[in-house]
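This is what each chain is made of:
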Amino acid sequence: MELIDGNQIAATLIAELKADIATIAGRKPCLALVRVGEDPASVSYVRKKEKTAEEIGVTSRIILPPIDISQEELFKLIDSLNADAGVDGILVQSPLPKHIDEVAVFRRVAPEKDVDGFNTINLGKVAQEDDTGFVACTPAGIMELLARSGVDLKGKHVVVLGRSLIVGKPIALLALQKRAGANGTVTICHSGTANLPALTRQADVLVAAIGRPEFVTADMVKPGAVVIDVGINRVPDATKKTGYRLTGDVHFPSVAPLTSKITPVPGGVGPMTVAMLMKNTVKAYRLRR
Ligand code: NDP
């Protein structure tokens, strides 16, 4: 079993981006990060994004609207960022408060500044295999992890657990693309799937993105499979200072010995998500010049 080290691969990518940004004369790429409310996971994700941006020379602008901001006011804020020539990328941190239609907010972000890749146009471009768009950061990060770990999906059965717009659907579309590194045969499973373990056991590459701690157990995995664990779940743990521990969607201790390669949680897919956000921001900057 080989551990796919997301920290190390992300660090390589970050170093490449830093070197690239250092060659830019004048105004540097600028990323606007919008966080509504004080959800603890969102606070920590936005802080990490801000820190990475600073590290590589991307300017970040943090906007913290109050939790009771109305949908209309949030739209106005996004419109002003869309129109701001000094802003290249816009990220609205998910989840948003319940009174706001999250998908409508994603649609409001101008496609050319949608570095999160959730806008309808950018999701459509993934389906059309049009590289002028932005691919959502987590699925883009998974493809990068696979490529940099020498995993070619051609001829492989890729089983994706989860069909969210943020992870499941776009990773399935990317794995399916007719291009080098992809060309997989894809099955997507969800809460309506019958006999899920029979499907996951067929996977050469299993991507778990369902948000259920340690859901995937050894009996659900084919020996020799590559397992990508996207889940980030906070499980109560009184022995930790924080009162919780982070765990993935895969029961790592029993599954890892069976696999040929596996991502850990933390330190697998998570760091790649931030790195791909930076990559998308630099891409947005260059496309707008
Ligand atoms: P969602 O809750 O949006 O989607 C979960 C999906 O899993 C749904 O399609 C749901 O099915 C399916 N599902 C849930 N329970 C079951 C079950 N028992 N059997 C089969 N399918 C099931 O989650 P996300 O895609 O946003 O996130 C998934 C996980 O990945 C979470 O732990 C999240 O924290 C993590 N994540 C990690 C990121 C990273 O950077 N590493 C980034 C984004 C997310 P249905 O559609 O039928 O409801």
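The rules we used
- Residues numbered from 1 in each chain as written.
- Predicted model: local features only at pLDDT ≥ 70, side-chain atom pairs only at ≥ 80, totals over all residues.
- Heavy atoms only, no water.
- Helix = DSSP H or I, 4+ residues; strand = E, 2+ residues; numbered from the N terminus.
- Rg over C-alpha atoms; globule rule 2.2 N^0.38 Å.
- Buried < 20%, exposed > 50% of the residue type's maximum accessible area, 1.4 Å probe, protein only.
- Contact = heavy atoms within 4.5 Å.
- Areas by Shrake-Rupley, 256 points an atom, 1.4 Å probe, with all protein chains shown as cover.
- Lys, Arg positive; Asp, Glu negative; His and termini not counted.
- Charge placed at Lys NZ, Arg CZ, Asp CG, Glu CD.
- Near = heavy atom within 4 Å.
- Polar contact = N/O pair within 3.5 Å; in protein donor to acceptor, adjacent residues only side chain to side chain.
- Nonpolar A, V, L, I, M, F, W, Y, C, P; charged D, E, K, R; others polar.
- Expected span 1.5 Å × (residues − 1).
- Axes fitted to C-alpha atoms, helices over the stretch in contact; angles between N-to-C directions.
- Parallel < 35°, antiparallel > 145°, perpendicular 65-115°, else oblique.
- Left-handed = near helix turned anticlockwise from the far one by under 90°.
- Pairing = 2+ DSSP bridges.

## Considerations on the overall build of the chain
- Within the chain, the regular secondary structure consists of ten helices and eleven strands.
- Taken over the C-alpha trace, the chain has a radius of gyration of 19 Å; the compact-globule value for 289 residues is 19 Å, and the two agree within 12%.
- Taking the principal axes of its C-alpha atoms as reference, the chain extends roughly 50 × 45 × 35 Å.
- Across the 289 residues that make up the chain, the buried fraction comes to 50%.
- Taking all contacts inside the chain whose residues are at least 6 apart in sequence as the whole, residues at least 24 apart take part in 71%.
- Carbon together with sulfur atoms contributes 56% to the accessible area of the chain, which is approximately 13,100 Å² in total.
- Distance between charge centres in the chain, computed from 35 positive and 31 negative side chains, equals 2 Å.

## Structural notes on the environment of Met276
- Locating Met276 in the fold gives a position in helix 10 (residues 269-288).
- Accessibility expressed as a relative area gives 6% for Met276, which makes it buried.
- Separated by 153 residues in sequence, Met276 and Leu123 place their C-alpha atoms 16 Å apart.
- Beyond its immediate chain neighbours, meaning those up to four positions away, Met276 contacts Leu13, Cys137, Ala140, Gly141 and Glu144.

## Examining the site of the ligand
- As a structural note, the neighbourhood of the ligand is formed by 20 residues, with Arg163, Ser164, Ser191, Arg212 and Thr273 the closest of them.
- Contacts to the ligand include Asn233, whose side-chain N or O atom sits 3.3 Å from an oxygen atom.
- Out of a free accessible area of 920 Å², the ligand has 72% covered by protein chains.
- Per element, the largest residue contribution to the shell around the ligand is three residues, and it comes from helix 10.
- Here the residues of the shell around the ligand are counted per class, giving eight nonpolar, ten polar and two charged.

## A look at helix 2 (residues 40-56)
- Between its first and last C-alpha atoms helix 2 spans 25 Å; for 17 residues at 1.5 Å apiece the expected length is 24 Å, and the two agree.
- Where helix 2 is concerned, the buried positions are Ala41, Ser42, Val43, Val46, Lys49, Thr52, Ala53 and Ile56.
- In the core, the buried residues of helix 2 are packed alongside helix 1 (6-22), strand 2 (30-34), strand 3 (59-63), strand 4 (89-92), strand 9 (233-236) and helix 10.
- Remark: Gly57 follows helix 2 within two positions and exhibits a positive phi of approximately 95°.

## A closer look at unusual backbone geometry
- Along the chain, Ser94 connects to Pro95 via a cis peptide bond; the corresponding omega equals 5°.
- By secondary structure assignment, the location of Pro95 is in the loop between strand 4 and helix 4 (102-108).
- A cis geometry characterises the amide bond from Val265 onward to Pro266, with omega recorded as -5°.
- One can find Pro266 in the loop between strand 11 (261-262) and helix 10.
- Non-glycine residue Asn195 carries a positive phi angle of around 50°.
- Mapped onto the secondary structure, Asn195 falls in the loop between strand 6 (185-189) and helix 8 (196-200).
- We classify Asn195 as exposed; its relative accessible area is 53%.

## Topic: the packing of helix 6 (residues 137-148) against helix 7 (residues 168-176)
- Contact geometry of helix 6 with helix 7 gives a least axis separation of 8 Å together with a crossing angle of 40°. It follows that helix 6 is oblique to helix 7 by the angle criterion. Here helix 6 runs over helix 7; the crossing is right-handed. Within the contact between the two elements, helix 6 uses Pro139, Ala140, Ile142 and Met143 and helix 7 uses Pro170, Ile171, Leu174 and Ala175.
- Residue composition of the contact of helix 6 with helix 7, by class: eight nonpolar, no polar and no charged.

## Some remarks on the packing of helix 1 against helix 2
- Where helix 1 meets helix 2, the closest approach of the two axes is 8 Å, and the angle between their N-to-C directions is 50°. Here helix 2 runs oblique to helix 1, going by the angle between their axes. Residues Ile14, Leu17, Lys18 and Ile21 of helix 1 pack against Thr52, Glu55 and Ile56 of helix 2.
- Per-class residue counts for the contact of helix 1 with helix 2 are four nonpolar, one polar and two charged.

## Quick notes on the sheet that holds strand 2
- Spatial strand order, 3-2-4: three strands in an open sheet with parallel pairing. A strand with exactly one partner marks an edge of an open sheet, and here the two such strands are strand 3 and strand 4. Each strand of the sheet is rotated relative to its neighbour by a mean of 20°, with strand direction disregarded.
- Bridge count between strand 2 and strand 3: five bridges; the pairing is parallel. Across the sheet, Val34 pairs through a bridge with Ile63, a residue of strand 3.

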